[in-house]
Amino acid sequence: MSPASCVAAAAGHSGGQPGPTRQADALVAVDGLTLATWNEHGEEIRLLDDLSLALRRGEALGIIGESGSGKSLLVRSIFGLLPKGVHVAGGAIQVDDTEITSAGAAQLQALRGSRMGMVFQDSIGSLDPLFKIGSQLVEAIRSRRRMPQRQALQEGLKLLADVGITDPNRVAHSYPHELSGGMAQRVAIAIAICNSPSLLIADEATTALDVTIQAQVIELIKRVQSERHCAIIFVSHNLAAVAGLVDRVAVMYAGRIVEIGSTRDVLLAPRHPYTAALLKSRPQLGERNGQRFYLPGNVPAPGQWPSGCRFSPRCTLSRGRELCSSVQPALDPLASHGSACHFRDEMVRPDDALR
Amino acid sequence: MVSKKTSPRRSRGPDVSVVLAFVALAAILAAVVLGDVITRYGATTPILGARLQPPSLAHFFGTDNFARDVFDRAIVGARTSIIIGLGTAIVSSVLGGACGILVAVWRGLDNFVMRILDGFIAFPPIILAILIIATFGGGYWQVIFALSVVFFPRIARVTRGVSLGVTSAPFVEAVKVMGGPRWRAAVRHVMPNTIGPIAVQATYVMARAIVIDAGLSFLGLSVPPPTPSWGNMLGEGRLYITQAWWLTIAPGLCIAVTAMAVNIIGDWLRDKSDVITGGKR
Amino acid sequence: MASRQNSITRYLAYRVTAVIPVIVVIGLLTFTLSRLAPGNPIELMLGDGASQQQVAELEAQWGLRGSLGSQLWHWCANMLHGNFGKSIFFDAPVGHVIVQHIWPTLSISGLALVIMIAIGIPLGLIAGHRRDTVQDKFLMSLSFLGMSLPEFWVGMVLVLIFAVHLGLLPVSGYVAPDVSLSGWLHSILLPGIALAVDQLALVARIVRDSVISTSEEPWVTSLYARGLKPRTILFRHQLKSSLVAAITVIGNAFAGFITAAVVVEIVFNIPGFGWLITQAAQRRDYPLLQGAVLLAAVSYVVVNLLVDMLYAAIDPRIRDAGA
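In the annotation of an unreviewed UniProt entry, the entry for chain C reads Peptide ABC transporter, and the organism field reads Candidimonas nitroreducens. In its Subcellular location (unreviewed entry) section, UniProt records this for chain C: "Cell membrane". Turning to chain C, the UniProt record has this under Sequence similarities (unreviewed entry): "Belongs to the binding-protein-dependent transport system permease family."

What follows is the structure, given as structure tokens:
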């Protein structure tokens, strides 16, 4: 899909203004979040760096980045599910009226499942292999609402049908390993939304699925957003996947957001060289062998971030300019289409960065 | 949030418990080697007028019903337990190791031998020991033999597992193809890999053997009196349990400390070998 | 669903046939070993004063004349008819003797089983959940202690504390439940605990290891993401996962209790199965010895079989793999 047609599809359903999100009406507000861990010498290493982000109710946001960009860590921290050894070194996260970074375990547990839900990359792996689907679904429903088992099961079956499963009864009596990847992901979504959360986070939810199934699952998530007025955060490394789904896109690189704006703006008129490179490296119809563009170098690992702009070593726009390697470019929080690049104004056309 | 804000400790030296275990074992070995030399009164010498005395400075572990110093008996008794423990560990390792390697190299024997070994494992250990000792009488070699028969199948199983892993390696297949005699392949390639796991198992066997032998000598079925052993000290002390608690506690503590020390060293060995083989097997 | 039934029965059939050679080996072992031992049960029973003629008569009566081969043959043939012979010393059918003495052993084994499960599993779950904390280290040290201590000594120490010192429980002896229920409970409490200690420690360890490894798995993270209470996640989901490994140990332990009870029974003067076997061995009471050992081994095997069946019931992946 060319950027233009992706965006056309996206623009179709996102009615509102993709402008900057004011903190007041935000469902999720991340403010200057810094995550860190320790290496084997006991030194602190930053994993996410002074990151700010806001999400409105009912809005769909895509977070794009390669492995090592910190995108998964970001969404996990919104959920309060950081891996061992990773801690918050600064900043705040607000979900609805709860401050996540200082919340206790009980508070977080109350939020999860009822206000926010999450689906993961390994669809079958994220279901308990020893319990039937129906039982897991009923457990999730009854964890928030008192109701007899039978009623919860009925509701669960209805939910399974809602997420597009044709034989809910059979699936409910199956074990996770008996399902296909796509089916399991539908189940996972059903469990995540069963108590009507206002936020659904999909962490690489379609990455491990076949292409045709991917499209179906993305359709499903779109329906969840529109029918249940649920905000979506969709994390992926695949731009094309999110294009048809989200209203806004944030691009991450080495622990920071380097560009954020409406899907249309970011995909059609990127203002950061990294975004441009990402767009350019997608396979194009009609390209000949050897013609595929690729960006040389690797994403720097945490602890080995270069000084100044972290993308500068691989950036053709910088052309070795002093500013790029000495000063870290900031993302303007008020701009509707922000880019963390000193020379963003030089990017008039997408290809400008790649000369 | 889920994680805590504490910096991880840097890697420390060896655990306190491992050090203590080695110290304890050294003390016990000293007792075994020096034996009668370091006893104050003698293990079999009755002391006039000192029957059933509680522990004191004169008698660290008190005296028993024959007015013998319990501490001295414990020192000499160490010999029985250690000899039987070590002996069993060595014999069962050799037997089990040979068995395991054999079965892995000559696959044809696998099923047959493993079924027989399963029979041995299913056989209740204490009964097996009792039967063998009833047949051959009591004494160091008989007990070691009996306990080795009990334990060697477990070592055989472990060795078989490791050897199977090694023999499926390409270079061993290559040797077979080239027609080299199989036993040569076994000795040169398989054995070095098995030594580590066997050593680890052997320490556990030693600890278990010490404990089971204590049980056997408690029943009067191990090395016969007048040789003191911790187990038969417990057996004798049992009759006086209401009057002389030290007769129960002292020998039992010796057994417990020895078994624990050996187990701790076994765990330490296992951690070391995991590091060498690069992580969990 | 039909295929599930088939795979289970096929699996069972396979396991049962695999077990037969094991039982044969055990039978042969018992037979040979006991006969190899010096000492003739008749002579032992009658003492030194018996005449050769008396001995020969009784030997014939008990079927101890004739070659080893023919004795073996007779024993096997009789067994297949359900006739295990008569105990030489008790002068009663082996079956009766065994049944009389099995109840005390079952009582203390049963109690030990309950203790193992009721204490070992929760301890393991808690230790695994609070990995590397003070509680975990403490529990693991206790478990290590439990595994290294000789069972009978633990029994003796318990007697020292609770019976001699505190006078709460009997020093020894067994009271049948139909005589006095509270007496029965009092008499099996200490031996049951002694028997359970080292296996309990092992169970706790195994469960802890399972909790630690499942905590890394994606479905556990997902369970937390669903907002379930940590208590539910630990005591419902992670518990079920740990059961497969735990049941192996528990089954093994229970099967082993029958005979591990030997020394405990002697410490506590309980006339149980273990005590019976020791007596039979010492007196060369061949029929009783053979019958009892065979029973012990068969029960060991049966318990293991049950354990395997339980695996399949708990973990659906195992069932389907067998299909």
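(A) Spotlight on the overall build of chain C. The helix and strand inventory of chain C stands at 13 helices and two strands. Looking at chain C as a whole, 49% of its 323 residues are labelled buried. Within chain C, contacts between residues separated by at least 24 positions form 74% of all contacts whose residues are at least 6 apart in sequence. With an accessible surface of roughly 14,600 Å², chain C has 66% of that area assigned to carbon and sulfur atoms.

(B) Just helix α7 (residues 151-165) of chain C, in detail. Residues and elements named next belong to chain C. Taking 1.5 Å of rise per residue, 15 residues should cover 21 Å, and α7 covers 20 Å from first to last C-alpha, within 8% of that figure. If you look at α7, its biggest bend is around 30°, right at V159. For α7, a buried count of 11 out of 15 residues is recorded, marking the element as mostly surrounded by other parts of the structure. Every buried residue of α7 is accounted for by E151, F152, W153, V154, G155, M156, V157, L158, V159, L160 and A163. G167 sits one or two positions beyond α7 and adopts a positive phi of about 65°.

(C) Fine view of the confidence of the model for chain C. All names here are of chain C. Looking at chain C as a whole, the pLDDT averages 80, with 86% of positions reaching at least 70. Confidence, read as mean pLDDT per element, is least for helix α13 (residues 316-322) in chain C (65) and greatest for helix α9 (residues 218-225) (93). Here the predicted complex scores 0.80 on pTM and 0.85 on ipTM.

(D) Highlighting the interface of chain A and chain C. Taken together, the 27 residues of chain A in the interface contact 24 residues of chain C. Interface area, chain A with chain C, both sides summed: about 2,300 Å², of which 57% is carbon and sulfur. It is A:L130, A:F131 and A:E139 in chain A that bury the most area against chain C; as a group they hold 28% of the surface buried on that side. Our enumeration of links across chain A and chain C arrives at one salt bridge. For C:R236, the salt bridge goes to A:E139, with nearest N and O atoms at 2.7 Å. Our count for the chain A to chain C interface comes out at 10 residue pairs in polar contact (both at pLDDT 80 or more).

(E) Representation of the UniProt feature "transmembrane region" (unreviewed entry) in chain C within the structure. All names here are of chain C. UniProt records the feature "transmembrane region" (unreviewed entry) at residues 12-33, 102-126, 138-164, 184-204, 243-268 and 288-307, using the numbering of this structure. Secondary structure across residues 12-33 comprises 100% helix and 0% strand; the distance between its end C-alpha atoms is 32 Å. Strand forms 0% of residues 184-204 and helix 100%; the C-alpha atoms that close the span are 28 Å apart.

(F) Expanded view of the UniProt feature "domain: ABC transmembrane type-1" (unreviewed entry) in chain C. As annotated in UniProt, the feature "domain: ABC transmembrane type-1" (unreviewed entry) corresponds to residues 102-311 of chain C in the numbering used here. Summarising residues 102-311 of chain C: 83% helix, 0% strand, and an end-to-end C-alpha distance of 28 Å.

(G) Quick look at the interface of chain C and chain B. If you look at the interface, chain C gives 43 residues, while chain B gives 41 residues. In this assembly, chain C packs against chain B so that about 3,600 Å² is buried in total across both faces, 80% of it on carbon and sulfur atoms. Where C:D198 meets B:R208, a salt bridge forms, and the shortest distance between an N and an O atom there is 3.9 Å. At the surface where chain C touches chain B, the tally comes to four residue pairs in polar contact (both at pLDDT 80 or more). Secondary structure elements with two or more residues in the side of chain C that touches chain B: α1 (2-36), α6 (134-148), α7, α10 (230-267), α11 (273-282) and α12 (286-314) of chain C. Here the residues of the side of chain C that touches chain B sort into 33 nonpolar, seven polar and three charged.

(H) The packing of helix α4 (residues 133-142) of chain A against helix α5 (residues 149-162) of chain A, seen in detail. All names here are of chain A. Their axes nearest at 9 Å, the elements α4 and α5 cross at an angle of 110°. Considering the angle they form, α4 stands roughly perpendicular to α5. The two elements α4 and α5 cross, and the hand of that crossing is right-handed. In this structure, α4 contributes L137, V138, I141 and R142 to the contact, and α5 contributes Q149, A152, L153, E155, G156, L159 and L160. Of the residues contributing to the contact of α4 with α5, the split by class is seven nonpolar, two polar and two charged.

(I) Region of interest: unusual backbone geometry. Phi at A:D96 is positive, roughly 60°, even though this residue is not glycine. Here A:D96 is to be found in the loop between β4 (87-95) and β5 (98-99).

(J) Structural detail: empty space enclosed by the protein. Applying the stated criterion across every chain yields a total of seven cavities of 30 Å³ or more. Empty space within the largest cavity amounts to approximately 90 Å³. Lining the largest cavity, in full, are A:G117, A:M118, A:V119, A:F120, A:S126, A:L127, A:A188, A:I191, A:A192, C:S222, C:A225 and C:R226. Secondary structure elements with two or more residues in the lining of the largest cavity: β6 (116-119) and α7 (181-193) of chain A together with α9 of chain C.

(K) The sheet that holds strand β3 (residues 60-64) of chain A, seen in detail. All names here are of chain A. Spatial strand order, β6-β7-β8-β3-β9-β10-β11: seven strands in an open sheet with mixed pairing. Edge positions in the open sheet fall to β6 and β11 (338-339), since each of these has one partner strand only. As paired elements, β6 and strand β7 (residues 199-203) share four bridges and run parallel to each other. Residue pairing in the sheet places G117 in a bridge with L200 of β7. Contacts from helix α2 (residues 71-79) reach β3, β6, β7, β8 (231-236) and β9 (248-253) within the one sheet, and its direction differs from that of β7 by about 150°.

(L) Region of the structure containing a nonpolar patch on the surface. A cluster of nonpolar residues, B:V33, B:L34, B:V37 and B:I38, forms a patch on the protein surface that exposes about 390 Å² of accessible area. Structurally, B:V33 is set in helix α1 (residues 16-34).

(M) Examining the sheet that holds strand β1 (residues 26-38) of chain A more closely. All names here are of chain A. Strand order across the open sheet formed by four strands is β2-β1-β4-β5, with antiparallel pairing between neighbours. Strands at the two margins of the open sheet, each flanked by one partner only, are β2 (44-56) and β5. Inspection of the sheet shows β4 paired to β5 by two bridges, in the antiparallel sense. Within β5, the position partnered with Q94 by the bridge is E99. Contacts from α2 reach β1, β2 and β4, with the element oriented near 115° to β1.

(N) Region of the structure containing the pairing of β7(A). Residues and elements named next belong to chain A. With five of five residues buried, β7 is to be regarded as a mostly interior element. Burial of β7 is two-sided: the residues L199, I201 and D203 facing one way and the residues L200 and A202 facing the other way are all buried. Across five bridges, the pairing between β7 and β8 is parallel. Bridge pairing in β8 places L199 opposite A231. With helix α8 (residues 211-228) bridging β7 and the parallel β8, this β-α-β connection has right-handed handedness.

(O) A look at the packing of aromatic side chains. Applying the stated rule across the entire model yields nine aromatic pairs over all chains. Aromatic side chains B:F60 and B:F71 sit 5.1 Å apart centroid to centroid with 90° between the ring planes, which places their arrangement in the edge-to-face category. Residue B:F60 is found in the loop between α1 and α2 (70-105), and its partner B:F71 is found in helix α2; the two are separated by 11 residues along the sequence. For B:F60, a relative accessible area of 43% translates into the label partly exposed. Their ring planes at 80° and their centres at 6.3 Å tell us that C:F254 and C:F257 sit as a pair that is edge-to-face. With C:F254 and C:F257 both in helix α10, this residue pair falls three residues apart, about one helical turn.

(P) Region of interest: the pattern of salt bridges. Inspection of the entire model under this criterion finds 23 salt bridges over all chains. Between A:D345 and A:R271 there is a salt bridge, with its nearest N and O atoms 2.8 Å apart. Of this pair, A:D345 sits in the segment after β11 while A:R271 sits in the loop between α10 (263-268) and α11 (273-280), placing them 74 residues apart in sequence. Residues joined in a network through salt bridges with shared partners are B:D64, B:R68, B:R73 and B:E236.

Thresholds applied
Residues numbered from 1 in each chain as written. Chains lettered and ligands numbered in written order. Predicted model: local features only at pLDDT ≥ 70, side-chain atom pairs only at ≥ 80, totals over all residues. Heavy atoms only, no water. UniProt positions renumbered as here; feature names shortened; annotations may be inferred. Helix = DSSP H or I, 4+ residues; strand = E, 2+ residues; numbered from the N terminus. Buried < 20%, exposed > 50% of the residue type's maximum accessible area, 1.4 Å probe, protein only. Contact = heavy atoms within 4.5 Å. Areas by Shrake-Rupley, 256 points an atom, 1.4 Å probe, with all protein chains shown as cover. Expected span 1.5 Å × (residues − 1). Bend = angle between axes of the 7 residues up to and from the residue. pLDDT = per-residue confidence, 0-100. Buried area = accessible area lost by both parts, 1.4 Å probe. Salt bridge = Lys/Arg side-chain N within 4 Å of Asp/Glu carboxyl O. Polar contact = N/O pair within 3.5 Å; in protein donor to acceptor, adjacent residues only side chain to side chain. Nonpolar A, V, L, I, M, F, W, Y, C, P; charged D, E, K, R; others polar. Axes fitted to C-alpha atoms, helices over the stretch in contact; angles between N-to-C directions. Parallel < 35°, antiparallel > 145°, perpendicular 65-115°, else oblique. Left-handed = near helix turned anticlockwise from the far one by under 90°. 1 Å grid on protein atoms, 1.4 Å probe; cavity = no way out; pocket = protein on both sides within 12 Å on 5 of 7 lines; lining within 4 Å. Points joined across faces, edges and corners; volume = space filled by probe spheres on them. Pairing = 2+ DSSP bridges. Patch = residues over 30% accessible without salt bridge, like charges linked within 9 Å, V, L, I, M, F, W, Y side chains within 5 Å. Right-handed = clockwise from strand over helix to strand, strands pointing away. Phe/Tyr/Trp six-rings, centres within 6.5 Å; stacked < 30°, edge-to-face > 60°.

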